[in-house]
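Structure assessment
One letter stands for each residue in the lines below.
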Amino acid sequence: MAFNVEIDTHSGFCGGVIRAISNAEKFLDNAEGRSLYSLGAIVHNDAELSRLESKGLRTIGKEDLQCLPAGSSVMFRAHGEPPETYKTAENQGIQIIDCTCPVVLRLQKDIREAYERVSPQGGQVIIFGKTGHAEVLGLVGQTEGNALVIDSLASLRQAMADGRVNLSGPVELFSQTTKGPAEYAEIKAVLEEAMALENELPVVRFHGTGIMKVHETICSQVAFRHKELSDFALGHDIVVFVSGRDSSNGKVLCELCKSLNIRTYHISSEEDVRAVWFRKDDNVGICGATSTPQWQLEAVADKIRGFVL
């Protein structure tokens, strides 16, 4: 018997990734022999990267920038870049095609302004994000490398125990745009409680002091995905989550699905799907990260529909 297979209508590329890929395709379609370089993977999805590379896109690392000839065209992807990358490219005479997501650009600006506020007071900018992630590197660059990055509630507790968090303040807290809202709320609450205690104030009075300022910087599209995906995972017997293994957003969203539906399988392509996962009359849900193309979700659905028990 064939399965009932549903693709989550809200899965697939976010606006920032769509914009970057669209700009890359426009350039490549009119390249006339010119090369287009992407500084880092334009999307954390091997299948989509292969498709774009077949059109002529070449992925490079930052160490390659200084080896490119003047006039080369280099795309800055949606994740964004720190200020020093712009300087390096400009010094090399490189044409920058800036595809930084507008949400990330605004966050970079907010962090830069926050650092300018708190730095003269001996304050601190704290960023909840994945250490070493491209977006986070760009954010830390707005603070001359002086922001504290925490990637979990455990790492916040460790940083406080080590004295790396300025509990007396002022502190401004931000999040990488693709992190989970629930975990960010936990981090905010724990930090707030610790800082209130350090400043000898009850939490209710601490709120109005301005010693700690929390910025709601998780992308609204990502935040909505958490609520929608929770309903989607609960509404299906089995969930097949499709994303590249290097996708930070994919890992977060897949773990969310697994926490609600134990029969969640993480795959990177239709080739990873196994018939033994499925049971007769399963209601199958297929979903993915903000870096998962729609055509790949459809390919996975087609393969599953081809299984017959």
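Above this text you will find the structure in question.
This section reports on the structure supplied with the text. (Residues numbered from 1 in each chain as written. Predicted model: local features only at pLDDT ≥ 70, side-chain atom pairs only at ≥ 80, totals over all residues. Heavy atoms only, no water.)

As for the overall build of the protein chain
Across its full length, the protein chain carries 11 helices and 12 strands. The C-alpha radius of gyration computed for the protein chain amounts to 22 Å, which stays within 12% of the reference 19 Å derived for 309 residues, consistent with globular compactness. Projected onto its principal axes, the C-alpha coordinates of the protein chain cover approximately 65 × 55 × 25 Å. The contacts of the protein chain with a sequence gap of at least 6 include a subset with a gap of at least 24, amounting to 70%. Both charge centroids of the protein chain, one from 31 positive and one from 41 negative side chains, sit 1 Å from each other. (Helix = DSSP H or I, 4+ residues; strand = E, 2+ residues; numbered from the N terminus. Rg over C-alpha atoms; globule rule 2.2 N^0.38 Å. Contact = heavy atoms within 4.5 Å. Lys, Arg positive; Asp, Glu negative; His and termini not counted. Charge placed at Lys NZ, Arg CZ, Asp CG, Glu CD.)

Focus: the environment of Thr131
Along the chain, the position of Thr131 falls in the loop between strand 6 (124-128) and helix 5 (134-140). Overall, Thr131 belongs to the exposed group, its relative accessible area being 55%. Considered as a pair, Thr131 and Ala189 are 58 residues apart in the sequence and their alpha carbons are 21 Å apart. Not counting residues within four places of it along the chain, the set of residues in contact with Thr131 comprises Val149 and Asp151. (Buried < 20%, exposed > 50% of the residue type's maximum accessible area, 1.4 Å probe, protein only.)

Overview of the packing of helix 6 (residues 153-161) against helix 7 (residues 181-198)
Between helix 6 and helix 7, whose axes approach to 10 Å, the crossing angle comes to 20°. As summarised for this structure, helix 6 and helix 7 are arranged roughly parallel, according to the angle between their axes. Seen from above, helix 6 lies across helix 7 with right-handed handedness. Facing Leu153, Leu156, Arg157 and Met160 of helix 6, the residues of helix 7 in contact are Glu183, Glu186, Ile187, Val190, Leu191 and Ala194. Residues of the contact of helix 6 with helix 7, tallied by class, amount to 7 nonpolar, no polar and 3 charged. (Axes fitted to C-alpha atoms, helices over the stretch in contact; angles between N-to-C directions. Parallel < 35°, antiparallel > 145°, perpendicular 65-115°, else oblique. Left-handed = near helix turned anticlockwise from the far one by under 90°. Nonpolar A, V, L, I, M, F, W, Y, C, P; charged D, E, K, R; others polar.)

Brief notes about helix 1 (residues 15-29)
Under the 1.5 Å per step criterion, the end-to-end length of helix 1 is 21 Å for 15 residues, consistent within 8% with the ideal 21 Å. If you check which residues of helix 1 are buried, you get Gly16, Val17, Ala20, Ile21, Ala24, Phe27 and Leu28. Summarising the axial view, the buried residues of helix 1 lie within an arc of 125°, below the 170-degree limit, and thus occupy one face. Facing away from the buried side of helix 1 by over 90 degrees, the exposed positions are Lys26 and Asp29. (Expected span 1.5 Å × (residues − 1). Arc of directions from axis to C-beta.)

Some words on the sheet that holds strand 1 (residues 4-7)
On the basis of which strands lie adjacent, the open sheet formed by 4 strands has the order 1-12-10-11 and parallel pairing. Looking along the sheet, the strands with just one partner apiece sit at the ends: strand 1 and strand 11 (264-267). Across this sheet, the average inter-strand angle for adjacent strands is 20°, counted without regard to direction. Bridging between strand 1 and strand 12 (residues 283-288) involves 4 bridges; their strand directions are parallel. Following the sheet pairing, Glu6 is matched in strand 12 by Gly285. In the packing of helix 10 (residues 248-260) onto the sheet, contacts are made with strand 10 (238-242), strand 11 and strand 12, and the angle to strand 10 comes to roughly 175°. (Pairing = 2+ DSSP bridges.)

Notes on the packing of helix 1 against helix 2 (residues 46-54)
How two helices sit against one another is set out by the angle between their axes and by the gap between those axes. For the pair helix 1 and helix 2, the least separation of the axes is 10 Å and the interaxial angle reads 20°. When the axes of helix 1 and helix 2 are compared, the pair comes out roughly parallel. Here the hand of the crossing between helix 1 and helix 2 comes out left-handed. Of the residues in helix 2, those in contact with Ile21, Glu25 and Leu28 of helix 1 are Glu48, Arg51 and Leu52.

What about the nonpolar core?
Membership of the largest hydrophobic core comes to 26 residues, with the highest contact counts inside it found for Ile126, Leu156, Met160, Val165, Leu191 and Met195. Sorting elements by how many residues they give to this core places helix 7 first, with 7 residues. What Met195 contacts, discounting residues up to four positions off in sequence, is Asn166, Leu167, Ser168, Gly169, Val171, Phe206, Ile211 and Met212. Counting residues in hydrophobic clusters, the runner-up holds 19 residues, among them Phe13, Cys14, Leu36 and Leu52. (Core = buried A, V, L, I, M, F, W, Y, C linked by side-chain atoms within 4.5 Å.)

Observations concerning the side chain of Thr292
Relative to the assigned elements, Thr292 resides in the loop between strand 12 and helix 11 (294-305). Within polar-contact distance, the side chain of Thr292 engages the backbone oxygen of Val242 at 2.6 Å. A polar atom in the side chain of Thr292 sits 3.0 Å from the backbone nitrogen of Ala289. With residues up to four places along the chain from it excluded, the contact list for Thr292 reads Gly12, Phe13, Asn45, Val242, Ser243 and Leu297. (Polar contact = N/O pair within 3.5 Å; in protein donor to acceptor, adjacent residues only side chain to side chain.)

Considerations on the sheet that holds strand 7 (residues 148-150)
Sheet architecture is open: 4 strands sit in the order 7-6-8-9, paired in parallel fashion. At either end of the open sheet lies a strand with only one pairing partner, and these are strand 7 and strand 9 (212-214). On average, each strand axis in the sheet is tilted by 20° relative to the strand beside it, whichever way the strands run. Relative to strand 9, strand 8 (residues 171-175) runs parallel, the two being bridged by 3 bridges. Its bridge partner lying in strand 9, Leu173 is registered against Val214. Where helix 4 (residues 102-118) meets the sheet, its contacts fall on strand 6, strand 8 and strand 9, and the angle it forms with strand 8 comes to roughly 165°.

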